[in-house]
Amino acid sequence: MSSFFCPLVLRFVLDYRQTHPEVTVLDPPDAIQHLHNRQSMLQAVADMNLSDSYGKVGVPRQLVVKRDASSIPDAVANSGLTLPIVAKPLVNDGSAKSHELSLAFDRYSLQKLEPPLVLQEFVNHGGVLFKVYIVGEAIKVVRRFSLPDVSKRELSKTAGVYRFPRVSCAAASADDADLDPGIAELPPRPLLERLAKELRRRLGLRLFNLDMIREHGTRDRFYVIDINYFPGYGKMPEYEHIFTDFLLSLVQAKYKKRSG
Ligand SMILES: Nc1ncnc2c1ncn2[C@@H]1O[C@H](COP(=O)(O)OP(=O)(O)OP(=O)(O)O)[C@@H](O)[C@H]1O
Ligand SMILES: [Mg+2]
């Protein structure tokens, strides 16, 4: 568990906030905590059901399994989730273990997984993922290499559960790679602006990023697969200016409120 969410530290932060109302809180701890559960994390995107002329943004079909691995094959069959399936630890507390993901290729191997988990349909996306960084009103998108597609043929020939290491740490930037334009094209700006604005409001947060993929073979069908609070902004281009502007805008807003 990251030290910030140790109950003692959290209590201290909440008390400090009450006794020091003059201190600006960038994002409230309870809203941040909402992102540590992979089920609640994507709820805001699902509720939004964003669809306009620029595209559609959803979340992959998913199922939560709290306990009893032996029940997973039936639960998956009943829910209609299709293989392959990505299994993610339900709680993402920042530990290495909570980033140990698996890809399951057949129904019976699902019993080998260790709940509590979120099981998500694997969406083919051409091996490229978009990291959308949000800092207040600012949005920056970068391309990263991701897991490759799984073809129908491959699926029918493969069985078992394959663990994969933390992709984001290993993944190289795909910004300068020579890619199929249909895969590389960034999500439309107006769509991202709507998504970011709505998510800022629904999550009650200002500093986060999204992992977003485009379903391979479509132009405008997007899925959000992960949302992280205060990600490594070092990988976001121009973060120095963007962050400084963000902090300045907060000071200005506070000053205006006091003098107004
Ligand atoms: N539903 C999905 N369909 C296709 N690929 C997926 C899906 N979910 C996850 N992936 C792949 O697995 C990677 C890791 O998934 P996710 O971001 O949810 O996990 P994480 O442990 O929070 O990772 P990180 O912190 O490294 O971003 C993604 O970058 C993507 O390559
Ligand atoms: Mg991720």
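Every residue gets a number counted from 1 within its own chain, in the order that chain's sequence is written. Note on labels: chains are lettered from A, ligands numbered from 1, in written order. Since the coordinates come from a predicted model, pLDDT governs what is reported: local features require at least 70, and pairs of side-chain atoms require 80 or more to be given and counted, while whole-chain, interface and lining totals use all residues. Hydrogens are left out, water is left out, and the side-chain values use all remaining heavy atoms of the structure.

Draft legend 1. Structural detail: the coordination of the magnesium ion (ligand 2). Bound to the magnesium ion (ligand 2) are the protein donor atoms Asp211 (OD) and Asp226 (OD), situated 1.9 to 2.2 Å from the metal. Of this pair, Asp211 sits in strand β10 (residues 207–214) while Asp226 sits in strand β11 (residues 221–229), placing them 15 residues apart in sequence. Asp226 matches Asp211 in its accessibility class, with the two residues each being buried. Each metal site lists N, O and S donors within 2.8 Å (3.2 Å for Na, K and Ca). With water left out of the atoms, a site can look as if it is missing ligands. Secondary structure follows DSSP: runs of H or I at least 4 residues long count as helices, runs of E at least 2 residues long count as strands, and numbering of each begins at the N terminus. Relative accessibility decides the category of a residue: with a 1.4 Å probe and only protein chains considered, values under 20% of the type maximum give buried, values over 50% give exposed, and everything between is partly exposed.

Draft legend 2. Structural view of the packing of aromatic side chains. For this analysis, a ring pair means two rings from Phe, Tyr or Trp (six-membered ring only for Trp) whose centres lie within 6.5 Å, classed as stacked if their planes differ by under 30 degrees, edge-to-face if by over 60, and tilted for the remaining angles. Within the structure shown, the criterion is met by eight aromatic pairs. Here Phe12 and Tyr16 contribute two aromatic rings whose centre-to-centre distance is 6.0 Å and whose plane-to-plane angle is 35°, an arrangement assigned as tilted. One end of the pair is Phe12 and the other is Tyr16, both in helix α1 (residues 7–19) and four residues apart, which spans about a single turn. Phe12 gets classed as exposed once you look at its relative accessible area, which sits at 55%. The exposure class assigned to Tyr16 is partly exposed, which follows from its relative accessible area of 37%. Ring geometry for Phe230 versus Tyr233: centroids 5.2 Å apart, planes at 90°, classification edge-to-face. Taking relative accessible area as the criterion, Phe230 reaches 43% and is therefore assigned partly exposed. By relative accessible area, which is 5% here, Tyr233 ends up buried. In textbook terms, an aromatic cluster arises when at least three aromatic residues are bridged by ring pairs, as seen for Tyr133, Tyr229, Phe230, Tyr233, Phe243 and Phe246.

Draft legend 3. Geometry of the sheet that holds strand β2 (residues 55–58). Strands are treated as partners if at least two bridges between them are detected by DSSP. The six strands are arranged β1-β2-β11-β10-β7-β8 in an open sheet whose pairing can be described as mixed. What marks the edges here is a single partner per strand, and that holds for β1 (50–52) and β8 (138–145). The sheet shows a mean angle of 25° between the axes of neighbouring strands, taken without regard to direction. As paired strands, β10 and β11 are joined by seven bridges and run antiparallel to one another. Of the residues in β11, the one forming a bridge with Asp211 is Asp226. Only heavy atoms matter for contacts: two residues are in contact if any of them lie within 4.5 Å across the pair. A fitted line through C-alpha atoms represents every axis, and for helices the fit uses only the stretch in contact; the resulting angles, taken between N-to-C directions, go from 0 to 180 degrees. Relative to β10, helix α9 (residues 189–203) is tilted by about 135°, and along the sheet it contacts β1, β2, β7 (128–135), β8, β10 and β11. Running over the sheet, helix α10 (residues 239–259) touches β7, β8 and β10 and is turned about 35° from β7.

Draft legend 4. Representation of the UniProt feature "binding site: Mg(2+) 2" (unreviewed entry) in the protein chain. According to UniProt, the feature "binding site: Mg(2+) 2" (unreviewed entry) maps to Asp226 and Asn228 in the numbering used here. Once residues lying within four places of it in the same chain are set aside, the contact partners of Asp226 are Arg38, Met41, Leu42, Asn209, Leu210 and Asp211. Following the sequence through the fold, Asn228 ends up in strand β11. By relative accessible area, Asn228 is classed as buried at 18%. Setting aside residues no more than four positions away along its own chain, Asn228 makes contact with Leu35, Asn92, Phe208 and Asn209. UniProt positions are given in the numbering used here, feature names are shortened, and annotations may be inferred rather than shown by experiment.

Draft legend 5. Inspection of the environment of Arg38 at higher detail. Along the polypeptide, Arg38 turns up in helix α3 (residues 38–41). Each C-alpha atom, one on Arg38 and one on Asp226, is 7.8 Å from the other, the two residues being 188 residues apart in sequence. Apart from residues no more than four positions distant in its own chain, Arg38 is found in contact with Gln62, Lys88, Pro89, Leu90, Asn92, Ser98, His99, Leu101, Val118 and Asp226. Think of a polar contact as two N or O atoms within 3.5 Å of one another; within protein, one of them needs to be a possible hydrogen donor and the other a possible acceptor, and neighboring residues in sequence only count if both atoms come from side chains. Side-chain polar atoms of Arg38 contact the backbone oxygen of Pro89, separated by 2.9 Å.

Draft legend 6. A look at the pairing of strand β5 (residues 101–104). Of the two faces of β5, the one carrying Leu101 and Leu103 and the one carrying Ser102 and Ala104 are both buried. Examined bridge by bridge, strand β4 (residues 85–89) and β5 share three bridges and lie antiparallel to one another. Directly across from Ala87, in β5, lies its bridge partner Ser102. Here four bridges tie β5 to strand β9 (residues 161–164), and the two strands are oriented antiparallel to one another.

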